[in-house]
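Observations on chain architecture
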Amino acid sequence: MTRTQRIETRLREAFAPRVLSVVDESERHRGHAGYQEGGESHFRVAIESEAFQGLGRIERHRAVHAALGRELVAEIHALALKISD
């Protein structure tokens, strides 16, 4: 399973989102720090779920990181998040 698929699976299981977009932007970062040949190092995630209702920005980010898990987060160089309820 690719990192993209693992991210999507974990976020769907944790938050049952109405909207989920996981985009691998690694190629845009070729030659920059953290770039890994083959991609899957830089991601942009947009997620919309009722599970985030009442949570502040930091709490939402922490919830996403917790759902992804420490080991997967460690494999990713950059993770841009747009989180809404």
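Residues numbered from 1 in each chain as written. Predicted model: local features only at pLDDT ≥ 70, side-chain atom pairs only at ≥ 80, totals over all residues. Heavy atoms only, no water.

Before going further, it helps to examine the nonpolar core. In terms of nonpolar packing, the biggest core is built from 15 residues, with I7, L11, V45, I47 and V64 touching the most fellow members. Sorting the residues of this core by element identifies helix 1 (3-15), strand 1 (19-24), strand 2 (42-48), helix 2 (57-68) and strand 3 (78-84) as the ones contributing at least two each. Excluding residues within four positions of it along the chain, V45 makes contact with I7, L11, L20, S21, V22, L79, A80, L81 and K82. (Core = buried A, V, L, I, M, F, W, Y, C linked by side-chain atoms within 4.5 Å. Buried < 20%, exposed > 50% of the residue type's maximum accessible area, 1.4 Å probe, protein only. Helix = DSSP H or I, 4+ residues; strand = E, 2+ residues; numbered from the N terminus. Contact = heavy atoms within 4.5 Å.)

Time to look at the pattern of salt bridges. All told, the structure shown has seven salt bridges when counted by the stated rule. Salt-bridge contacts for E75 lead to R6; the nearest nitrogen and oxygen are separated by 3.1 Å. Of this pair, E75 sits in helix 3 (residues 70-75) while R6 sits in helix 1, and the two are 69 residues apart along the sequence. Classification of R6 by relative accessible area gives buried; the value is 17%. (Salt bridge = Lys/Arg side-chain N within 4 Å of Asp/Glu carboxyl O.)

This part takes up the side chain of H42. In this fold, H42 is placed in strand 2. The class for H42 is buried, based on a relative accessible area of 4%. Reaching out from H42, the side chain makes a polar contact with the side chain of S41 at a distance of 2.7 Å. (Polar contact = N/O pair within 3.5 Å; in protein donor to acceptor, adjacent residues only side chain to side chain.)

Turning next to the sheet that holds strand 1. In spatial order, the strands read 1-2-3; together these three strands make up an open sheet with mixed pairing. Edge positions in the sheet fall to strand 1 and strand 3, since each has one partner strand and no second. When the angles between neighbouring strand axes are averaged without regard to direction, this sheet yields 10°. Of the strand pairs in this sheet, strand 1 and strand 2 are connected by six bridges, and their pairing is antiparallel. Residue pairing across strands places V19 opposite E48, the latter belonging to strand 2. (Pairing = 2+ DSSP bridges. Axes fitted to C-alpha atoms, helices over the stretch in contact; angles between N-to-C directions.)

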